[in-house]
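Structure at a glance
Listed below are the residues making up each chain.
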Amino acid sequence: MFFVSLMRDAPQSSQSEIQEYLDDISSLKLTKEESDWYNIDVAAMLHHVNLHGHEINEVDGSSLLFLEKSAVLCCPETAVMHHFPKNLIHCFVDDYRRLSSQDDGVLCKAELFSISPSQEQLCWERCCRSELEIPLLQSAVSRWLGWLNA
């Protein structure tokens, strides 16, 4: 999976952060219905929201929005937004480099997940299969932990 990731330390106006998010979404290969959902429905629901960052899964078009006290997972295939309070979100990092081999070739995996009903769980993963990708994963985890502890 390839992720676009953006979390800012410096405050930015809410509207410009939302526009930057929508600009990143516009570069995805989405159906017209999925693109319209993001640009009309999701954008309307974010009008009064202060974004603290976002990540986008370019493989399936999903995105994770970081708000002050919660996260929102946007799933364009089903046109569903899931809202997760920050206090129910956890971060795990698995480092497989010391093991002799992994069947799927994953060297490290980081996951943000929630304790929620099974059909509504957050499971946002980033994996790396190359040593060169590990600093990007570590940087993402650093941003996640900074947001979780803010």
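Everything in this summary refers to the structure shown in the same document. Since the structure is predicted, the reported quantities are computational estimates derived from the model, not experimental observations.

**Some points on the pattern of salt bridges**
- Inspection of every chain in the model, using the stated rule, returns five salt bridges.
- Salt bridges linked by common partners bring Asp 95, Arg 97 and Glu 131 together as one network.

**Observations regarding helix 3 (residues 134–148)**
- Counted at 1.5 Å a residue, the expected span for helix 3 with its 15 residues is 21 Å, and the 21 Å between its end C-alpha atoms agrees.
- Every buried residue of helix 3 is listed here: Ile 134, Leu 137, Ala 140, Val 141, Trp 144, Trp 147 and Leu 148. Summarising the axial view, the buried residues of helix 3 lie within an arc of 150°, below the 170-degree limit, and thus occupy one face.

**Notes on the environment of Lys 69**
- Counting through the fold element by element, Lys 69 comes out in the loop between strand 3 (63–66) and strand 4 (70–75).
- Once residues lying within four places of it in the same chain are set aside, the contact partners of Lys 69 are Pro 85 and Lys 86.

**Brief notes about the sheet that holds strand 8 (residues 123–128)**
- One open sheet accounts for three strands, arranged 6-7-8; its pairing is antiparallel. Since the sheet does not close on itself, it has two edges, and those belong to strand 6 (89–95) and strand 8, each with one partner. Neighbour-to-neighbour, the strand axes of this sheet turn through a mean angle of 10°, independent of strand direction.

**Quick look at the packing of aromatic side chains**
- The final tally for this structure, using the stated rule, is four aromatic pairs.
- Note on Phe 92 and Phe 113: the rings are 4.9 Å apart at their centroids and 75° apart in plane angle, and the pair reads as edge-to-face. Of this pair, Phe 92 sits in strand 6 while Phe 113 sits in strand 7 (residues 108–114), and the two are 21 residues apart along the sequence.
- Note on Phe 113: relative accessible area 18%, which makes it buried.
- Each member of the aromatic cluster is reached from another via a ring pair, and the members are Tyr 21, Trp 37 and Tyr 38.
- Cation over ring: Lys 86 sits above Trp 147, and NZ or CZ is 4.9 Å from the ring centre.

**Section: the packing of helix 1 (residues 14–26) against helix 2 (residues 32–45)**
- At their nearest, the axes of helix 1 and helix 2 sit 11 Å apart, and the two run at 155° to each other. As the angle between them shows, helix 1 and helix 2 are arranged roughly antiparallel. Every pair of crossing elements has a handedness; the one defined by helix 1 and helix 2 is right-handed. Of the residues in helix 2, those in contact with Tyr 21, Leu 22 and Ile 25 of helix 1 are Tyr 38, Asn 39, Val 42 and Ala 43.
- The residue inventory of the contact of helix 1 with helix 2, partitioned by class, reads six nonpolar, one polar and no charged.

**Side note on the pairing of strand 4**
- Buried residues dominate strand 4, accounting for six of its six residues.
- The side-chain alternation of strand 4 yields two buried faces, one formed by Ser 70, Val 72 and Cys 74 and the other by Ala 71, Leu 73 and Cys 75.
- Pairing of strand 3 with strand 4 involves four bridges; the strand directions are antiparallel. Across the sheet, residue Ser 63 finds its bridge partner in strand 4, namely Cys 74.

Cut-offs and rules
- Residues numbered from 1 in each chain as written.
- Predicted model: local features only at pLDDT ≥ 70, side-chain atom pairs only at ≥ 80, totals over all residues.
- Heavy atoms only, no water.
- Salt bridge = Lys/Arg side-chain N within 4 Å of Asp/Glu carboxyl O.
- Helix = DSSP H or I, 4+ residues; strand = E, 2+ residues; numbered from the N terminus.
- Expected span 1.5 Å × (residues − 1).
- Buried < 20%, exposed > 50% of the residue type's maximum accessible area, 1.4 Å probe, protein only.
- Arc of directions from axis to C-beta.
- Contact = heavy atoms within 4.5 Å.
- Pairing = 2+ DSSP bridges.
- Axes fitted to C-alpha atoms, helices over the stretch in contact; angles between N-to-C directions.
- Phe/Tyr/Trp six-rings, centres within 6.5 Å; stacked < 30°, edge-to-face > 60°.
- Lys NZ or Arg CZ within 6 Å of the ring centre and 35° of its normal.
- Parallel < 35°, antiparallel > 145°, perpendicular 65-115°, else oblique.
- Left-handed = near helix turned anticlockwise from the far one by under 90°.
- Nonpolar A, V, L, I, M, F, W, Y, C, P; charged D, E, K, R; others polar.

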